[in-house]
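Observations on the model geometry
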Amino acid sequence: MPDLLIELFSEEIPARMQAKAAEDLRRLMTDAMVEAGLTYAAAAAFATPRRLTLAVQDIPRATRATREERKGPRADAPEKAVEGFLRSTGLTRDQLEVRADKKGEVLFAVIEKPGREAAEVIAEALETAIRSFPWPKSMRWGAGSLRWVRPLHSILAILHDESGASVVPLEVEGIVAGDRTRGHRFMAPGSFAVTSFEDYAARLLAAKVVLDPAERAERIWHDATQMAFAQGLDVVEDKGLLAEVAGLVEWPVVLMGPIGEKFLALPPEVLQTSMKAHQKFFSVRNPATGRIENFVTVANRETADHGATILAGNGRVLAARLSDALFFWENDLRTVKAGGMEAMAGPLANVTFHNKLGSQAERIGRIAKLAREIAPDLGADPGQAEQAARVAKADLASEMVYEFPELQGVMGAYYARAAGLPEPVAAACRAHYAPLGPSDAVPTEPVAIAVALADKIDMLTGFWAIDEKPTGSKDPFALRRAALGVIRIVLENGLRLALTRPIAEGAKANHVEAADHAGPMELLVPDLLGFLADRLKVHLRAEGVRHDVIEGCFALGGQDDLAMLVARVRALQAFVDSEDGANLLAGYRRAVNILEAEEKKDGIEYSLDPDVQFAEADAEKALFAALDAADPAIGKALGAEDFSAAMSALAGLRAPIDAFFEDVVVNAQNAIIRRNRLCLLNRIRTVMLRVAAFGALEG
């Protein structure tokens, strides 16, 4: 069976679009081929700055002929019904067959479709894919109507096998498909014909084009790290930048140059950010000093001077960029040394955080007050927590962060140290935004934890106060991320913090700030706690905790100590996954089902304490004894927050409950005995509900 090779050759495709474009080409073509009846063994797509390539293996030479019988309306059906059936089949009335049926004569359509040549199907699918390609941005050029990301120059489309290659007959807006492509724009610009994918890839390589983006990235990283290693340096790893640079070149040539001496005093984050954002350079670090001392750039061609001219030009541009960064850095340092972090933060009084929640300075005041409040619960110094909160966002007014917003917090730490502030305060400036993503580490120092929690709680309570909550998929203020940040900080640091009080304090401050915009204060705290609970459920489910186990603990209510709640959840999951837990759950359900049925029938609740003097059977007396032993043991374990011990105490009820239902008839003839036994079932429910809402468990 033949293989298919397609190449769409154009002007430069933006690096950020290449991976998705390659996948879109594969998806559009293979879906259309399969729908038309062309199967295949494998398909692979590739992208370079100037071409999208698709290779599909083992395609049949033609689609199979098909025959379909479709039953229609009765032969004497109204004309409109028959016409509708004809439209759906594409046949005429005289092409229909009349067949006898148990309900009379019925019209049948026999639709026969002959097989189609693979080349015909592919040409049709490829033209459709080109004309409807889902580029994020596209353009028209010349007088044609075709839209592409950049002007499309040529189409290579061939079917090939052992006997040779044939061109797929296709023309799109005057571009006729052929078997020719071009090599590197500068080093091998001539065109050449290809006969297969293997021939295509080999001839491209000879023409200075590395087709596979993964191979280009591997070459770049290998050459860069080897070049740095030879000088005792390390390349700072950046997978995102590596993927982007691999999409900028067809023939990667790695060059390394020095950073000017006067720029080496800049913080390494500034150097790294400036080089990455403006010029797509990799940073090269001296492991002995931690300083960024060199840069790596990737050219798209080999030169007679081995890249010296390219490197010199890039060095001049880099020096101009870093001169700006050095100017910002020195200006910011002068501000801090002259007036402290307060001088830098001064302009924030004129920066609006939200028109209903005041300025950035007012928000900082709320965070500082809340950080001081919660600091003792976190083992942090209240004074340092308040001080850190007041200066943590000062760098938002700095020239450096204005130029590089992604450095907020990072620069704050440098400026705090330059101002002579304590190290915990400086560290909190850097860490209080974390975590920003699921892979980010959380703050671990007490002062940083206090500021980070206060920051996120103020964010949540503020937007709750003005009724700007997340809805569906919309979360413009990243409140879900803030809630998950609170959860992760608490859990990963093992903090014992009841969240009701700090949320109430934050809500009170924001409620006053929001003034006329605020909703009912008494509803804010429980509603926000419910939102945090929902986020925690999502977080735990992602870790493999059963959703019904989570519900079984949440249903107890009043669960604002997240660390204790999660410990209870994990202990409950371990218990219900055990044999004792599964059997006890079955016994619990049986007891509750009987109890609820009898309460409904009798119209009363059997909630009084059962009396052992009315117990008749040995199994009944044994259950009384087991409950008498388990109840205080559970209470003691819960008081010590030893949830595993509480579950173990519950496990002791399994055998007595099983024996009770085996030997005892609950609905006894004697009304007193019956009532006592129903009250005993209620006691089973009451004792077990101290540990978890077992009714929420699925089994």
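Residues numbered from 1 in each chain as written. Predicted model: local features only at pLDDT ≥ 70, side-chain atom pairs only at ≥ 80, totals over all residues. Heavy atoms only, no water.

1. Brief notes about the nonpolar core
As a reminder of what qualifies: We call a set of buried Ala, Val, Leu, Ile, Met, Phe, Trp, Tyr and Cys residues a nonpolar core when their side-chain atoms join them within 4.5 Å. Accessibility here uses a 1.4 Å probe with only protein chains present; expressed as a share of the type maximum, an area under 20% marks a residue as buried, one over 50% as exposed, and anything in between as partly exposed. Under the scheme used here, helices are H or I runs from DSSP no shorter than 4 residues and strands are E runs no shorter than 2 residues, and both carry numbers assigned from the N terminus. Contacts were defined at the residue level, with two residues in contact if any of their heavy atoms lie within 4.5 Å.
Counting 148 residues, the largest nonpolar core has Ile259, Leu453, Leu460, Leu650 and Phe694 as its most contacted members. At 14 residues, helix H14 (residues 446–465) tops the list of elements feeding residues into this core. Setting aside its immediate chain neighbours within four residues, Ile259 contacts Leu264, Leu271, Met275, Ile292, Glu293, Asn294, Phe295, Leu318 and Leu322.

2. A short note on the pairing of strand E6 (residues 104–113)
Here is the key point about a regular strand: its side chains alternate between the two faces of the sheet. Our working rule: Two strands form a pair only when DSSP identifies at least two bridges running between them.
Inspection of the sheet shows strand E4 (residues 66–74) paired to E6 by seven bridges, in the antiparallel sense. Across the sheet, the residue bridging to Glu69 is Val110, located in E6. Taken together, the five bridges between strand E5 (residues 97–101) and E6 define a ladder with antiparallel strand orientation. In the sheet register, Asp101 faces E6, and the bridge partner there is Gly104. Between E5 and E6, which pair antiparallel one after the other, the connecting turn spans two residues.

3. Let's talk about the packing of aromatic side chains
Counted only if it meets this: Any pair of Phe, Tyr and Trp rings, taking the six-membered ring for Trp, is counted once the centres come within 6.5 Å. Such a pair is stacked with planes under 30 degrees apart, edge-to-face with planes over 60 apart, and tilted for the rest. Criterion for a charge above a ring: Lys NZ or Arg CZ within 6 Å of the ring centre, and within 35 degrees of the ring normal.
Counting across every chain of the model gives 14 aromatic pairs. Geometrically, the ring pair formed by Phe197 and Tyr200 is tilted, given 6.3 Å between the ring centres and 35° between the ring planes. One end of the pair is Phe197 and the other is Tyr200, both in helix H4 (residues 197–206) and three residues apart, which spans about a single turn. Judged by relative accessible area, Tyr200 falls into the buried class, the value being 0%. Clustering of aromatic rings is evident, with ring pairs tying together Phe46, Phe197 and Tyr200. The ring of Phe108 has Arg99 lying over it, and the distance from NZ or CZ to the ring centre is 4.5 Å. Looking at Arg363, its charged tip hangs above the ring of Phe353, at a distance of 4.7 Å from the centre.

4. Notes on helix H2 (residues 79–89)
Convention followed: In this context, the arc is that of the directions from the helix axis out to the C-beta atoms.
Every buried residue belonging to H2 is among Val82, Phe85, Leu86 and Thr89, and all of these are buried. Relative to the axis of H2, the buried residues are bounded by an arc of 100° and lie together on one face. Turned more than 90 degrees away from the buried face of H2 sit Lys80 and Arg87, all of them exposed. Of the surrounding elements, those touching the buried residues of H2 are E4 and E6. Looking at the residues trailing H2, positive phi occurs at Gly90, about 75°.

5. Remarks on the side chain of Gln360
Inspection of the secondary structure puts Gln360 in helix H9 (residues 360–378). For Gln360, a relative accessible area of 13% corresponds to the buried category. With residues near it in sequence (within four places) discarded, Gln360 still touches Leu348, Val351, Thr352, Phe353, Lys393 and Leu396.

6. Re the sheet that holds E4
Just so we agree on the cut-off: Lines fitted to C-alpha atoms define the axes, with helix axes restricted to the stretch in contact, and inter-axis angles between N-to-C directions lie between 0 and 180 degrees.
Spatial ordering of the open sheet is given by E4-E6-E5, a layout of three strands whose pairing is antiparallel. Here the strands that pair on one side only, and so sit at the sheet edges, are E4 and E5. Going from strand to strand, the sheet's axes swing by 35° on average, the running direction of each strand aside.

7. Comments concerning the environment of Ala533
Looking at the element boundaries, Ala533 is found in helix H17 (residues 521–542). With 63 residues separating them in the primary sequence, Ala533 and Glu596 have C-alpha atoms 29 Å apart.

8. Quick word on the packing of H9 against helix H10 (residues 382–391)
Which entries qualify depends on this criterion: Put simply, angles under 35 degrees are roughly parallel, angles over 145 are roughly antiparallel, angles from 65 to 115 are roughly perpendicular, and the rest are oblique. For any pair of crossing helices, the crossing counts as left-handed if the nearer helix is rotated counterclockwise from the farther one by less than a right angle, and right-handed if it is rotated clockwise.
Interhelical geometry of H9 versus H10 gives an angle of 155° and a closest axis separation of 8 Å. Regarding the angle of H9 to H10, the classification is roughly antiparallel. Like other packed secondary-structure pairs, H9 and H10 cross with a definite hand, here right-handed. Facing Ile364, Gly365, Ile367, Ala368, Ala371, Arg372, Ala375 and Pro376 of H9, the residues of H10 in contact are Pro382, Gly383, Ala385, Glu386, Ala389 and Arg390.

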